[in-house]
Amino acid sequence: MEEAGLATVQLSAIRNHTERLRPPRALYCDFPFGRPLGKPGDPAFQRRVLLAAFALLERPTGPVLEDFPETVADAGDDEPLACTLPPRLDPNDAPAVDEARGLRAAYERQLARTGRTSLGMVSGPDAIPALVAAFVRIADGVAAEDAGLPSDPHSAALDINAYYEEAALALADHIPAARATETWFFHHTETGRVLRAAQAALIAAGRTDFLATVVPRGQE
Amino acid sequence: MSIAARDHYRANASNTVLPEFPTTAFTVAPPLREARVAIVTTGGLLARGAPGWKRGEQSFRVFAAGERDLQMGHWSINYDRTGFSADINVVYPIDRLGELAADGIIGSVAPRHLSFMGALDDTMATLRLDSGRAAAKLLRDDGVQVVLLTGV
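Residues numbered from 1 in each chain as written. Chains lettered and ligands numbered in written order. Predicted model: local features only at pLDDT ≥ 70, side-chain atom pairs only at ≥ 80, totals over all residues.

S.K.: Got a sec to walk through the overall build of chain A? Specific residues and values, please.
M.R.: Helix and strand counts for chain A stand at 8 helices and 3 strands. In sequence order, chain A lays out its α and β elements as β-α-β-α-β-α-α-α-α-α-α. C-alpha atoms of chain A, sized along the principal axes, occupy 70 × 40 × 35 Å. Burial status across chain A gives 50% buried among its 220 residues. In chain A, 69% of the contacts between residues at least 6 apart in sequence involve partners at least 24 apart. (Helix = DSSP H or I, 4+ residues; strand = E, 2+ residues; numbered from the N terminus. Buried ≥ 20, exposed ≤ 12 C-beta atoms within 10 Å, placed from the backbone. Contact = placed C-beta atoms within 7 Å.)

S.K.: Summarise the interface of chain B and chain A; cite the residues concerned and give the values.
M.R.: Residue-level contacts link 61 residues of chain B with 64 residues of chain A. Those elements giving two or more residues to the side of chain B that touches chain A turn out to be helix H1 (5–11), strand S4 (70–72), helix H2 (82–86), helix H3 (94–102), helix H4 (125–141) and strand S7 (146–150) of chain B. A class-by-class count of the residues in the side of chain B that touches chain A yields 32 nonpolar, 17 polar and 12 charged. Where strand S1 (residues 7–12) of chain A lies against S7(B), 4 bridges are found, and the strand directions are parallel. Directly across from Thr8(A), in S7(B), lies its bridge partner Val147(B). (Nonpolar A, V, L, I, M, F, W, Y, C, P; charged D, E, K, R; others polar. Pairing = 2+ DSSP bridges.)

S.K.: Before we move on, can you summarise the nonpolar core with the specific residues and values?
M.R.: By size, the foremost hydrophobic cluster in this structure holds 58 residues, and its most contacted members are Val9(A), Ala53(A), Leu57(A), Val37(B), Ala38(B), Leu139(B) and Val147(B). Apart from residues no more than four positions distant in its own chain, Ala53(A) is found in contact with Val9(A), Leu11(A), Leu27(A) and Leu148(B). With 50 residues, the next largest nonpolar core counts Val132(A), Ala156(A), Ala162(A) and Ala177(A) among its residues. (Core = buried A, V, L, I, M, F, W, Y, C linked by C-beta atoms within 7 Å.)

S.K.: So what's going on with helix H4 (residues 104–114) of chain A? Which residues, and what values?
M.R.: Residues and elements named next belong to chain A. Restricting attention to buried positions, one finds in H4 the residues Ala-106, Tyr-107 and Gln-110. Seen from one end, H4 has its buried residues packed into an arc of 100°, which puts them on one side. The exposed set on the far side of H4, more than 90 degrees from its buried face, consists of Ala-105 and Ala-112. Each element contacted by the buried residues of H4 is listed here: helix H6 (153–171). (Arc of directions from axis to C-beta.)

S.K.: Can you tell me about the packing of helix H5 (residues 128–139) of chain A against helix H8 (residues 190–204) of chain A, naming the residues and giving the values?
M.R.: How two helices pack is summed up by the angle between their axes together with the distance between the axes. Residue and element names in this part refer to chain A. Two elements in contact, H5 and H8, have axes whose closest approach is 8 Å; the angle formed by their N-to-C orientations is 45°. Of the possible angle classes, the one that applies to H5 and H8 is oblique. In the packing of H5 onto H8, the handedness of the crossing is left-handed. On the side of H5, the interface is formed by Val-132, Phe-135, Val-136, Ile-138 and Ala-139, while H8 contributes Thr-191, Val-194, Leu-195, Ala-197, Ala-198, Ala-201 and Leu-202. (Axes fitted to C-alpha atoms, helices over the stretch in contact; angles between N-to-C directions. Parallel < 35°, antiparallel > 145°, perpendicular 65-115°, else oblique. Left-handed = near helix turned anticlockwise from the far one by under 90°.)

S.K.: Let's hear about unusual backbone geometry: which residues, and what values?
M.R.: All names here are of chain A. Going from Gly-62 to Pro-63, the amide bond is cis rather than trans, its omega being 5°. You can see Pro-63 is positioned in the loop between helix H2 (43–55) and strand S3 (64–67). One non-glycine residue, Arg-22, lies in the positive phi region at around 55°. Position of Arg-22 relative to the elements: it lies in the loop between helix H1 (15–21) and strand S2 (25–28). Judged by local crowding, Arg-22 falls into the partly exposed class, with 16 C-beta atoms found within 10 Å. Phi at Arg-179 is positive, roughly 80°, even though this residue is not glycine. With respect to the helices and strands, Arg-179 occurs in the loop between H6 and helix H7 (180–188).

S.K.: Residue-level account of the domain arrangement of chain A, with values.
M.R.: A common measure of how large an interface is: the accessible area buried when the components associate. Examined at the domain level, chain A breaks down into domain 1 (10–67) and domain 2 (95–212). Relative placement of domain 1 of chain A and domain 2 of chain A: their C-alpha centres are 32 Å apart. (Domains from an automatic or database assignment.)

S.K.: Tell me about the packing of H4(A) against H6(A), and name the residues and values.
M.R.: All names here are of chain A. The contact between H4 and H6 brings their axes to 7 Å, and the two run at 75°. In terms of orientation, H4 and H6 fall into the roughly perpendicular class. Contacts between H4 and H6 involve Ala-106, Tyr-107, Arg-109, Gln-110 and Arg-113 from the former and Tyr-163, Glu-166, Ala-167, Leu-169, Ala-170 and Leu-171 from the latter. For the contact of H4 with H6, the residue count by class is 7 nonpolar, 1 polar and 3 charged.

S.K.: Explain the environment of Ala13(B) residue by residue, including any values.
M.R.: By secondary structure assignment, the location of Ala13(B) is in the loop between H1 and strand S1 (36–41). The residues touching Ala13(B), leaving out its near neighbours within four places in the chain, are Ile14(A), Asn16(A) and His17(A).

S.K.: Tell me about the pairing of S1(A), and please be specific about residues and values.
M.R.: Residue and element names in this part refer to chain A. The buried fraction of S1 is high, at 6 of 6 residues. Both faces of S1 are covered, namely the face carrying Ala-7, Val-9 and Leu-11 and the face carrying Thr-8, Gln-10 and Ser-12. Sheet topology places S1 next to S2; 3 bridges connect them, and they run parallel. Within S2, the residue paired with Leu-11 across the bridge is Leu-27. Taken together, S1, H1 and S2 constitute a β-α-β crossover, and its handedness is right-handed. (Right-handed = clockwise from strand over helix to strand, strands pointing away.)

Right, here's the structure in full:
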């Protein structure tokens, strides 16, 4: 882009990589991965980040790498989102499947609130209970290809994760710190526990490939 | 629990094999108050209902400045998505750019903005020699002078 005559400035998430790649202008921001502007729902903070980045455009030569002076931390492992889960609806269903059904109203409320959803790698919200049921089977030792998933396990898990995290945003009274919802999901919900058990079963079956990765690093 | 993704990747950053650039291309920016600014993110964004990103895909998607119904279609599982779910601007600060333009701090907001998908693990030859150049041309055709790059 610079060769084409565009002046660029990047928000850097990994300082070491930026030092080695030597882009013309970069502002290193010690923020959670996935939040390059630092704080969702905080326009004043985001504006400060942008002004600091754009200030680098005044430098006559590069590369320029500076640090944004404020940092934003992830939630710790002991700081999961506090989020009330729905009561059991159908005792004949697996608890995780029942839980997923029970969160549908919250998911829809969040969709109505923002007009956006990141669900859709594999399917829509109607299919989430079936995806969860497939992971219950994988956790019980059924091979991934025989469990009834319409896709690879990774893509299906991304959709389940999006569904739960967006429902959680509707149930919470604030925007959670990064990782708080992830920790809540993987350690405090039935479906999160199923995904962790499924991950262990996949690894035990020799599936250590990317498309069989269903739990983020650090939540195993 | 083991080490979180952010801490892991930062601690092991020096082990990552990266492309090498012996020189740094550098375009002198115009005064910011006169500049047309575009966002290019590697967040793997896409319009809802659009075909999903293929794993390793090195093309880009184009969004009109007024478009907000965007979803996160990135293949990586190792970063926070709830910030984007709650506030699109934490990845794609389109509303902040509009405010800066209204305040006269930047000249104008570009009519179109772009997303690639990061976490690519090969030489990125297609991006460097093909799609990256096409993206630059698209922005130049829109009169863009400054590009803000955000990743996830």
